[in-house]
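Secondary and tertiary structure notes
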Amino acid sequence: MAFISPSEPPPGFLDDNRAPAGHIPNFVQTFASRPDVFDAWKQLNGAIKANMDLRRYELATLAAATALRSSYCSLAHGQVLADKFFSPDEVAALVDSPAPDPVDRAVMAFARKVALAADTVTQSDIDDLRSLGLSDDDILDVSLTAAARAFFSKTLDATGTTPDPAFKTQLPPTLTEKLSVGRPIE
């Protein structure tokens, strides 16, 4: 599952963080010895997500996760997009091809840039997003989404945390193949 074996979690931590399908996700096990960090992550991520349209949040997250080569996060957020907004084939296409919608395309490109090279963001990048109708608050939300994804994705990859085997049964094979951009599914 991972390169590390966290110490024993506090009582109830694993059960309290089961996935809706009933299994304990590998990322929960990774954070088991640092429940305060995991709770802080959930609070931060929840606060970011609360200010955004779910579709935009998931697109920005998928863009950052694929740029960071995080299979775990790409699979998880690709699954949300395929369940709620797009067909599996459309989600798979987002990995290699620009989104058809110009706003989605710009949001995803910006999220990728923030995740990989935030120091190269320019005033022109911001002005381009504004020209498509994004407010400064919208732009901040995309920035926060990509930056937070970098923390989580890099933590999982640095510890060798692999995507849950459940992704193989929950997603079509073409989607698992396309979204497995880094570590393979366990």
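Residues numbered from 1 in each chain as written. Predicted model: local features only at pLDDT ≥ 70, side-chain atom pairs only at ≥ 80, totals over all residues. Heavy atoms only, no water.

The number of helices and strands found in the chain is 11 helices and zero strands. Its C-alpha atoms put the chain at 50 × 35 × 25 Å along the principal axes. Among the 186 residues that make up the chain, the fraction classed as buried is 45%. About 9,100 Å² of surface is accessible on the chain, with carbon and sulfur atoms providing 54% of the total. The positive charge centre, built from 17 side chains, and the negative charge centre, built from 25, are 3 Å apart in the chain. (Helix = DSSP H or I, 4+ residues; strand = E, 2+ residues; numbered from the N terminus. Buried < 20%, exposed > 50% of the residue type's maximum accessible area, 1.4 Å probe, protein only. Areas by Shrake-Rupley, 256 points an atom, 1.4 Å probe, with all protein chains shown as cover. Lys, Arg positive; Asp, Glu negative; His and termini not counted. Charge placed at Lys NZ, Arg CZ, Asp CG, Glu CD.)

Time to look at the packing of aromatic side chains. All told, the structure shown has nine aromatic pairs when counted by the stated rule. Taken together, a centroid distance of 5.7 Å and an interplanar angle of 75° make the contact between Phe13 and Phe38 edge-to-face. A residue pair is termed long-range when its members are at least 10 positions apart, and Phe13 in helix H1 (residues 13–16) and Phe38 in helix H3 (residues 35–50) qualify at 25 residues. Neither residue differs from the other here; Phe13 and Phe38 are each classed as buried. Between the aromatic rings of Phe27 and Tyr72, the centroid separation amounts to 5.6 Å while the plane-to-plane angle is 70°, which identifies the pairing as edge-to-face. Highlighted residues: Phe27 in helix H2 (residues 26–30) and Tyr72 in helix H5 (residues 71–84), separated in sequence by 45 residues. Aromatic rings pair up to connect Phe13, Phe27, Phe31, Phe38, Trp41, Tyr72, Phe151, Phe152 and Phe167 into one cluster. (Phe/Tyr/Trp six-rings, centres within 6.5 Å; stacked < 30°, edge-to-face > 60°.)

Right, let's talk about unusual backbone geometry for a bit. At Arg69, a position not held by glycine, the phi torsion is positive, near 60°. Its place among the elements puts Arg69 in the loop between helix H4 (54–67) and H5.

None of the figures reported here should be taken as evidence of function without further support.
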